[in-house]
Amino acid sequence: MLLNRPPQSRRRRRALLAGVVTVATAALGLGLSTQFASAQTTLRGAADELGKDIGVAVNYNLLQNDATYRNTVATEFNSLTAENAMKMDALQPSQGNFTFAQGDAIVDFAQANNQTVHGHTLVWHSQSPSWVQNLSGTALQTAMVDHINTVMDHYEGDVQSWDVVNEVVSDNNGALRDSFWLRGLGEGYITTAFQTARAADPSVDLYMNDYSIDGINAKSDKTYEIAQGLAAQNLIDGVGFQAHLILGQVPSNMEANLQRFVDLGLKVRVTELDIRIQMPADASELQQQANDYRRVTEICAALADCSGVTVWGLRDGDSWVPDVFPGEGAPLLFNDDYSKKPAYDAVLDALGGDGSGDPDPTDPTTPPTTPPPTGDGCTATLSVQSPWNTGATYAGTVTAGQALNGWTVTWTWPGSERISNAWSVEGNLTGPTVTATNAGYNGSLAAGQSTTFGFNITKPDGATASVPTVTCTAS
Ligand code: G3I
């Protein structure tokens, strides 16, 4: 998504005033914004059309030293997050000594390539320098406020959203994380951080960000409670779901979980997506990984208030995963030689791009396709994935009895259930009678092949989520 940027950022104005030209990485900019070959065949082309961010966490050293890395980051992504370069230990290694060079280099690269920047992160218990961890009371509070003010002021106009606090909820018991911030400042530090950030730059989207909150659980419940309190004071704009996932374990209620944050009036964002595999990864595991990536991307694509998906690194070998989970790896979209993994195609497909290799029917050189079958050529099933009090998530499966060019699944709700949002399906979805047709990319099926779609419903408080009888028709 292309932003109208202010003509001159705070950072750039200051540099010019000081007679300094921000050329540290001018050579990094490739000016690729208008060069990607087709909006349909790159992740960023598809995401731009969809109005979503597709982001990548970037490593400063690779951006500096590897031309293929730069080219791929510029071609495939419209949003960047600094993997490490904007954390407190990088930006303020000793008190009052701010070192912005690496963060600035990433911002310069993003601007040269018409990419947005998601700032990560202002207040975190990890990768905080030891000097701040040794402070307490007023001195700690002042240090936090100064850091937020100085960093946000420096990047005003350059960074469109910030993770104000990162990982503030404990893993086990739904309480706040026992960090030096909590011990030193009490639980009000989260509100203070957001108040400071809001005042520092009211034009930037403010997020809280965490891992293991992708499904509905005690940790995401606590996150919800905090976000609700901040939202009531208009101090927060979004919640970041890191989504450091394990193969085959996309939470079945992930979309319902994101939806409840959207229902608070907030944006949601998948901020650090990776899906790790027990090594060595075989072909079926890589296919399962593709399915998992597709699912997460579809969830965001279907939610108007999901600002985008960021993958936490470019190539498998760039990932933090093997260092922290020995024996696990291969969690990203690209192989180490920059070839694309099945997961890449799945993400491109889920963004509405052409990742399938299917012929383009509008291309005059494309051979004619098999005429659509007449009569019923498919079967369909619906199943309840995860019900909650006032709603439920459903999965639908369509299986082709013969080669199809499209399908329609119809049903009538027995009561007042209604679809609130859906993915991988189009049509008349929100009324009592549903006519669900294939999306652009999942209508062509070979005989015996299946595809899936999904949706959330609202239903009366406490009612059982019913499974209506469905009819599938080939079209
Ligand atoms: O820069 C030093 C280098 O000088 C030194 O030689 C080397 C020796 O180990 O360490 C280098 O620092 C490493 C740093 O990454 C930069 O590469 C640190 O050891 C290493 O711990 C650090 O890991 C980062 C980790 O956050 C720190 O907690 C990962 O790259 C980064 O991917 C990871 O990202 C976090 C998100 O910020 C928050 N959510 C979880 C996610 C994954 O852990």
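Refer to the preceding data block for the structure.
Residues numbered from 1 in each chain as written. Predicted model: local features only at pLDDT ≥ 70, side-chain atom pairs only at ≥ 80, totals over all residues. Heavy atoms only, no water.

Q: Explanation requested: the state of the cysteines in the structure shown.
A: Each disulfide consists of one covalent bond between the sulfur atoms belonging to two cysteines. In this structure the tally under the stated criterion is 2 disulfides. Paired by a disulfide, Cys300 and Cys306 hold their sulfur atoms 2.0 Å apart. Given an S-S torsion of about -100 degrees, the disulfide between Cys300 and Cys306 has left-handed geometry. Exposure remark for Cys300: the relative accessible area of 2% places this residue in the buried category. Cys378 shares a disulfide with Cys472; S-S distance 2.1 Å. What sets the handedness of the Cys378 and Cys472 disulfide is the S-S torsion sign, and at about -105 degrees it is left-handed. One end of the pair, Cys378, is in strand E11 (residues 378–388); the other, Cys472, is in strand E18 (residues 471–474), and 94 residues separate them in sequence. (Disulfide = S-S within 2.5 Å. Buried < 20%, exposed > 50% of the residue type's maximum accessible area, 1.4 Å probe, protein only. Helix = DSSP H or I, 4+ residues; strand = E, 2+ residues; numbered from the N terminus.)

Q: Honestly, helix H6 (residues 101–112) in this entry has me stumped. Any pointers?
A: Structurally, the α-helix is built with 3.6 residues per turn, so residues lying three or four positions apart point the same way. Taking 1.5 Å per residue, 12 residues should reach 16 Å; H6 reaches 16 Å between its end C-alpha atoms and fits that length. Taken together, the buried positions of H6 are occupied by Gly103, Asp104, Ala105, Ile106, Val107, Asp108, Phe109 and Ala110. Positive backbone phi, approximately 55 degrees, marks Asn114, located one or two places after H6. (Expected span 1.5 Å × (residues − 1).)

Q: Any chance you could explain the nonpolar core here in plain terms?
A: Note that soluble globular proteins tend to have their nonpolar side chains buried in a common cluster. The biggest cluster of nonpolar side chains holds 96 residues, and the ones touching the most others in it are Trp162, Trp181, Phe194, Met208 and Leu273. By residue number, the principal contributor to this core is helix H8 (residues 137–154), which donates 6 residues. Ignoring any residue separated from it by four or fewer positions in sequence, one finds Trp181 in contact with Met88, Val123, Trp124, His125, Ser128, Val132, Leu140, Met144, Gly186 and Tyr189. Grouped together as the second largest cluster of nonpolar side chains are 26 residues, Cys378, Ala380, Ala436 and Val470 included. (Core = buried A, V, L, I, M, F, W, Y, C linked by side-chain atoms within 4.5 Å. Contact = heavy atoms within 4.5 Å.)

Q: What am I meant to see in the pairing of strand E2 (residues 79–82) here?
A: The side chains of a regular strand alternate between both faces of the sheet. Side chains of E2 alternate between two faces, with Ser79 and Thr81 and Leu80 and Ala82 buried alike. Pairing of strand E1 (residues 53–58) with E2, which is carried by 4 bridges, proceeds in the parallel orientation. The residue of E2 that forms the bridge with Gly55 is Ser79. (Pairing = 2+ DSSP bridges.)

Q: Help me out: how do you make sense of the site of the ligand in this one?
A: If you check the shell around the ligand, you find 14 residues, and the closest are Glu83, Lys87, His120, Gln127 and Glu272. Side-chain polar atom of Glu83 to an oxygen atom of the ligand: 2.4 Å apart, as the coordinates give it. Asn84 places a side-chain nitrogen or oxygen 3.0 Å from an oxygen atom of the ligand. For the ligand, the accessible surface in isolation is 790 Å², of which the surrounding protein chains cover 46%. Looking at side-chain class alone, the shell around the ligand contains 3 nonpolar, 7 polar and 4 charged residues. (Near = heavy atom within 4 Å. Polar contact = N/O pair within 3.5 Å; in protein donor to acceptor, adjacent residues only side chain to side chain. Areas by Shrake-Rupley, 256 points an atom, 1.4 Å probe, with all protein chains shown as cover. Nonpolar A, V, L, I, M, F, W, Y, C, P; charged D, E, K, R; others polar.)

Q: Which parts of the structure should I look at to understand the sheet that holds E18?
A: Within a sheet, neighbouring strands are paired by backbone hydrogen bonds and run either parallel or antiparallel to one another. If you walk across this open sheet you meet the 4 strands as E15-E16-E13-E18, and the pairing is antiparallel. Sheet topology places strand E15 (425–428) and E18 at the edges, where each strand pairs with a single neighbour. Within this sheet the neighbouring strands show an average axis-to-axis angle of 25 degrees, counted without direction. Both E15 and strand E16 (residues 433–438) contribute to a ladder of 4 bridges, which runs antiparallel. The residue bridging Asn428 from the neighbouring strand is Thr435, located in E16. (Axes fitted to C-alpha atoms, helices over the stretch in contact; angles between N-to-C directions.)

Q: Which parts of the structure should I look at to understand the sheet that holds strand E14 (residues 418–423)?
A: Taken in spatial order, the 4 strands line up as E11-E12-E17-E14 in an open sheet, and their pairing is antiparallel. Taken across any chain shown, the strands that pair with only one partner, and hence form the sheet edges, are E11 and E14. Each adjacent strand pair in this sheet contributes to an overall mean axis angle of 25 degrees, direction not counted. Sheet topology note: the E14/strand E17 (residues 450–458) ladder contains 5 bridges and is antiparallel. What sits directly across from Asn421, in E17, is Asn456. Running at roughly 35 degrees to E17, helix H12 (residues 254–262) makes contact with E11, strand E12 (391–400), E14 and E17 of the sheet. In the packing of helix H13 (residues 283–302) onto the sheet, contacts are made with E12 and E14, and the angle to E14 comes to roughly 125 degrees.

All quantities given are derived from atomic positions and should not be read as evidence of function.
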